[in-house]
Amino acid sequence: MMLAIGSDHGGFALKQKISEHLQQCGVEFYDFGVHSSESADYPDLAFAVAEAVARGEYERGLLFCGTGVGVAIAANKVKGIRAANCHDVFSAQMSREHNDANILTLGERVVGPGLAAMIVDVWLAAEFSAGRHERRVGKINAYAREGKA
Ligand code: RB5
């Protein structure tokens, strides 16, 4: 699986830790930045990652900021993106199985790198359950495309 990843300054250190973890696990990714802890506006990075995922250039994405909230709000403005802000493994798994989330967002000021890595692993391994969830996610996608479900 090829991932797109990105963060603002508030998520930079966690992005670096998770990048090392992904490398150790042999997961391929492209890092859209930021590449230092200098101040950056989280929507810029969220849109870059979300648009690349929406275009199909990457299967899924990971976004980091202080809370994971700002990047999730921004990423969810991009058509075709279902970004989930998860700080526990149960929500991470459900966001894949029930919501077909294609971006996971994490907050550096909320979780430590150990838990974040576990959440990422669970999220990457989990698959969409489809079935009844397909109809529900279909309504979200239709609303994004046509302004109605
Ligand atoms: C930056 O200080 C902080 O606001 C940002 O990283 C993020 O938490 C926003 O949601």
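None of the values given here were measured: they were computed from a predicted structure.

> What is the right way to look at the environment of I73 in this model?
Summarising the element assignment, I73 is placed in helix 3 (residues 69–75). When the C-alpha positions of I73 and G114 are compared, they lie 25 Å apart, and in sequence the two are 41 residues distant.

> Explain the packing of helix 4 (residues 89–97) against helix 5 (residues 113–125) here, please?
For any two helices packed against each other, one specifies the inter-axial angle together with the distance between the axes. Following both chains from N to C, one finds helix 4 and helix 5 inclined at 25 degrees, their axes separated by 8 Å at the closest point. Looking at the two axes, helix 4 sits roughly parallel to helix 5. Considering only the axes of helix 4 and helix 5, their crossing is right-handed. Residue-level contacts link V89, A92, Q93, S95 and R96 of helix 4 to M118, I119, V122 and W123 of helix 5. Class assignment for the residues of the contact of helix 4 with helix 5 results in six nonpolar, two polar and one charged.

What counts and how
- Residues numbered from 1 in each chain as written.
- Predicted model: local features only at pLDDT ≥ 70, side-chain atom pairs only at ≥ 80, totals over all residues.
- Heavy atoms only, no water.
- Helix = DSSP H or I, 4+ residues; strand = E, 2+ residues; numbered from the N terminus.
- Axes fitted to C-alpha atoms, helices over the stretch in contact; angles between N-to-C directions.
- Parallel < 35°, antiparallel > 145°, perpendicular 65-115°, else oblique.
- Left-handed = near helix turned anticlockwise from the far one by under 90°.
- Contact = heavy atoms within 4.5 Å.
- Nonpolar A, V, L, I, M, F, W, Y, C, P; charged D, E, K, R; others polar.

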